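Report on the structure
If you want the building blocks of each chain, they are given just below.
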Amino acid sequence: MSTKPLKNTIEVKNVSIGYNKKKHSQIVLEDISFSSEKGELISIVGTNGIGKSTLLKTLARIQPQLQGEMLLKNKAFKEYSTLDFATQLSVVLTEPPSSKNITVKELVSLGRHPYTNWIGILTEVDEEIIKESLLDTDTINLAEKKCSELSDGQLQRVMIARALVQNTSIILLDEPTTHLDIYHRAYILKLLKDLAIKKKKTIIFSTHEIDLAIQVSHKMIVMTKEKIYFDKPDKLIKSGCFENLFPSETIRFDHELKQFILKK
Amino acid sequence: MENQQTYRYFFLLLTSILLITFLASISLGTVPIPLKDVIISLFGGEPIKSAWKFIVLEYRLPKAITAMLSGGGLAVSGLLMQTLFRNPLAGPFVLGLSSGASLGVALLILGAGIFGASFGGFLLGSWSLVIASAFGSFLVLLAVLSVTFKVKDTMTILIIGLMFGSVTAAVVSVLSYFSNAEQLQQFVFWSFGTLGNVSWDGILILVSCITIGLLISMFTIKALNALLLGENYAKSMGINLKLATFWIIIATSLLAGSITAFTGPIAFVGLAVPHLTRQYINSSNHMVLLPAVFMSGAVLMLICDTVAQLPFSELTLPINAITSLIGAPVVIWLLVRKRKLFF
């Protein structure tokens, strides 16, 4: 392993995403390529139904990889066992936890699963890591609350705490800002950037908040039917890919303001 | 952790309640036996009347043990199903296990008339009933398991289990239609459920099945906890979902199947006890829930059994009716008071 330093945490080359049907596979989007480094916050934007969630689910191995090559720390995704994969990559999905009765502390503790023994006893080290994550996400005062008593913003922070506890180098989040007010949207994105930089994690998330994503992300994946763009936000603005994102009769992208403006 | 302290007191309390209901169930009955003499008999001494020792050791003790095991076992299998399917309505019988058992017994009792009485009379020992119902639920289980390997979605498995249940219930109806009154009565009596017919040999088999079932359940605790967040999360935390589902279904079938084989179908306990337990235990961790649910199930069944004997009278009511008669109002009262079903 020490032969060459690991630069890229994830490398995706010419990957097709979609679903496996009985005899043939239905491809949603083809030819996706990007790579991520340690400490990078990467956002995925694009219109509804373009395949943002499908891409994230493919990266999380929830959905099959149809074509192309996907490497995690120079090793193919497929070669990881379920357990090893869980120590490398954690997720925050759009689906709420099935149990409403579970307390915040219990939910966050579940993130230690890949490391605990056969029956799931938490060691002192585990307890320390859990406490640290609760502090990092500002949820420690919610620890004894039930998930049914949380607001959407609080629940999102709790789910991020759970992913942090899993202690992976990569965290994927599917639309972490949905259902949140503008303050909480900004709060979550700032939190993600802090975590990426301070904890040297690669954080990849999908969002509809293109304006905020441009401000906060190190790099962006812009998904359109014709092409997948991957670059730094400034370069993407220059390339003009945001103009083609939506039908131009309703909104337009303003280069100066770096945001979308409603057409009058 | 202050939580662990509370749980310790809680389990201490639950253990004492279990002990009290256990002794009460042995002491009360058609012939009430004083508590002192019950304890003397249990420890091998000689009570005031020698008949009491016989009643306690040969009749009431096996019955009380069967009640404890079946109540606890059914409750645990209910908990497993509710977490696996993440559905508060799931119980041990959603996979069609009890219908399978009914079919086995129906084929034996009712089919005896169709295939000839002499052959049937030979088969109708109490052991053949156990074997028939075990065989019936095992067949349905095999069918469900083979589906489990093809279908990924647990909700689909749930519905398929219900469909298996309907089909077997329909076959039982057809058999009933062509049977004579005597056979029908015998079948109906089996379906009332009974705790008193299990011999010491039977208890040995029951204990082995339930021990294995509980051991398997213990090994699925981590998966069960992870499933509280949903299948995708569970997978992302390193749980081998197919393997876990397989073992959870095996454990449920072992527990519910063996119990139904010996006692007949006992409704309600498996569905309700996990909900009752969640009302007073402030945890979703199966490490705490599993033993708590087992003990609560045992307590509830002992109470139901004591009531079913109608102390001081010669009558005994069907246990299947009592579990629902006592249990349902309790659950309704709790739900109305708390206004929501925790899961």
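Look a little higher up for the structure.
What this report covers is the structure whose coordinates are included nearby. Just so you know, these numbers come straight off a predicted model, no measurement behind them.

Here is what the cut-offs are and how they apply
Residues numbered from 1 in each chain as written. Chains lettered and ligands numbered in written order. Predicted model: local features only at pLDDT ≥ 70, side-chain atom pairs only at ≥ 80, totals over all residues. Helix = DSSP H or I, 4+ residues; strand = E, 2+ residues; numbered from the N terminus. Rg over C-alpha atoms; globule rule 2.2 N^0.38 Å. Buried ≥ 20, exposed ≤ 12 C-beta atoms within 10 Å, placed from the backbone. Contact = placed C-beta atoms within 7 Å. Expected span 1.5 Å × (residues − 1). Nonpolar A, V, L, I, M, F, W, Y, C, P; charged D, E, K, R; others polar. Pairing = 2+ DSSP bridges. Axes fitted to C-alpha atoms, helices over the stretch in contact; angles between N-to-C directions. Parallel < 35°, antiparallel > 145°, perpendicular 65-115°, else oblique. Core = buried A, V, L, I, M, F, W, Y, C linked by C-beta atoms within 7 Å.

**So, the overall build of chain B**
Along the backbone of chain B there are 15 helices and zero strands. Taken against the 2.2 N^0.38 rule, which gives 20 Å for 343 residues, the C-alpha radius of gyration of chain B at 21 Å falls within 12% of a compact globule. Each of the three principal axes of chain B carries a C-alpha extent, and together these read 60 × 55 × 35 Å. When burial is assessed residue by residue, chain B has 48% of its 343 residues classed as buried. In chain B, of all internal contacts separated by at least 6 residues, the share reaching a separation of at least 24 is 78%.

**Digging into helix 3 (residues 50-85) of chain B**
Helical geometry note: an α-helix holds 3.6 residues per turn, so side chains three or four residues apart project in the same direction. With 36 residues, helix 3 of chain B should cover 52 Å at 1.5 Å per step; its first-to-last C-alpha distance of 51 Å lies within 8% of that length. Of all 36 residues in helix 3 of chain B, 27 are buried, a share of seventy percent or more.

**Points about the interface of chain A and chain B**
Of the residues lining the interface, 24 residues belong to chain A; the matching set on chain B comes to 24 residues. Secondary-structure elements contributing two or more residues to the side of chain A that touches chain B are helix 2 (82-88) and strand 6 (89-92) of chain A. The greatest single-element share of the side of chain A that touches chain B, amounting to three residues, is contributed by helix 2 of chain A. Looking at side-chain class alone, the side of chain A that touches chain B contains 12 nonpolar, nine polar and three charged residues.

**Side note on the pairing of strand 1 (residues 8-20) of chain A**
Residue and element names in this part refer to chain A. Here nine bridges tie strand 1 to strand 2 (residues 25-37), and the two strands are oriented antiparallel to one another. Counted as the bridge partner of Gly18 is Ile27 from strand 2. Pairing of strand 1 with strand 4 (residues 65-72) involves six bridges; the strand directions are antiparallel. Across the sheet, residue Glu11 finds its bridge partner in strand 4, namely Leu71.

**Some thoughts on the packing of helix 3 of chain B against helix 13 (residues 269-280) of chain B**
Residue and element names in this part refer to chain B. Contact geometry for helix 3 and helix 13: axes closest at 7 Å, N-to-C directions at 75°. Classed by the angle they form, the pair helix 3 and helix 13 counts as roughly perpendicular. Listed contacts from helix 13 to Gly71, Leu74, Ala75, Ser77, Gly78, Leu79 and Gln82 of helix 3 are Val269, Gly270, Leu271, Val273 and Pro274.

**Side note on the nonpolar core**
Counting residues in hydrophobic clusters, the biggest one holds 163 residues, and the most contacted among them are Leu172 and Ile221 of chain A together with Met68, Ala226, Val269, Val293 and Leu302 of chain B. With 15 residues, the top contributor of residues to this core is helix 14 (residues 286-308) of chain B. What Ala226 of chain B contacts, discounting residues up to four positions off in sequence, is Leu110 and His113 of chain A together with Tyr233, Ala234, Met237 and Ile239 of chain B.

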